[in-house]
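Each chain is listed here by its residues.
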Amino acid sequence: MPIYEYECAACGRVASHVMLGVRRKARPACPTCGSGRTRRVMSSFAVVASESSRLANFDTAAPRDDAYYSDSRNVGMWAKKRAQQMGVNLGPKFDETVEKARTGKLIKDMI
Ligand SMILES: [Zn+2]
């Protein structure tokens, strides 16, 4: 699912938008002020250095079994790698979710 970030020229707010199919070329309206003067921003992917090198060596096409995910550091790696390849910044909220998933807090939040 492609997620892009758009900056509003009117209020300066940056918001993430999921863009599907034909809408991909259309500019989304700003969720804050409703302005249509938005432009796509290519933000850098924020990861800590050790994870950056792990991402660089990560192959999204490689098969992954249960043993792979028994290392909690691998949770969320696929999504992060794909986002990096697509030049998408998933934002701090995504990192937070991955962190919760890695520590098991996500499951605790759901039950
Ligand atoms: Zn705006």
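Residues numbered from 1 in each chain as written. Predicted model: local features only at pLDDT ≥ 70, side-chain atom pairs only at ≥ 80, totals over all residues. Heavy atoms only, no water.

Colleague: In this structure, what is going on with the coordination of the zinc ion? I would like to understand it.
Modeller: Ideal geometry at a metal centre: 109.5 degrees between donors when four sit tetrahedrally, and 90 or 180 degrees when six sit octahedrally. Around the zinc ion, the donor atoms from the protein are Cys-8 (SG), Cys-11 (SG), Cys-30 (SG) and Cys-33 (SG), and they sit 2.3 Å away. One can describe the donor arrangement at the zinc ion as tetrahedral, given that its four donor atoms subtend angles of 105 to 120° at the metal. Of note, the donors binding the zinc ion are all from one chain and are spaced C-x2-C-x18-C-x2-C. Note that Cys-8 is positioned in strand E1 (residues 3-8) and Cys-30 in the loop between strand E2 (14-18) and strand E3 (38-41), a separation of 22 residues in sequence. (Donors = N, O, S within 2.8 Å, 3.2 Å for Na, K, Ca; no water. Tetrahedral: all angles 85-135°; square planar, octahedral: opposite > 155°, others 65-115°. Helix = DSSP H or I, 4+ residues; strand = E, 2+ residues; numbered from the N terminus.)

Colleague: Is there a simple way to explain the side chain of Lys-81 in this structure?
Modeller: Locating Lys-81 in the fold gives a position in helix H3 (residues 77-86). Setting aside its immediate chain neighbours within four residues, Lys-81 contacts Leu-55, Ala-56, Phe-58 and Thr-60. (Contact = heavy atoms within 4.5 Å.)

Colleague: How should the pattern of salt bridges be read in this particular structure?
Modeller: When the charged atoms of two side chains with opposite charge come close together, those side chains can pair. By the definition in use, this model includes three salt bridges. The partner of Glu-7 in a salt bridge is Arg-39, with the nearest N and O atoms 2.8 Å apart. Remark: Arg-39 occurs in strand E3 and Glu-7 occurs in strand E1; sequence separation between them is 32 residues. Accessibility expressed as a relative area gives 49% for Arg-39, which makes it partly exposed. A salt bridge links Lys-93 to Glu-96; its shortest N-O distance comes to 3.7 Å. Here Lys-93 pairs with Glu-96, and both are found in helix H4 (residues 91-103), just three residues apart, close to one helical turn. For Lys-93, a relative accessible area of 59% puts it in the exposed group. (Salt bridge = Lys/Arg side-chain N within 4 Å of Asp/Glu carboxyl O. Buried < 20%, exposed > 50% of the residue type's maximum accessible area, 1.4 Å probe, protein only.)

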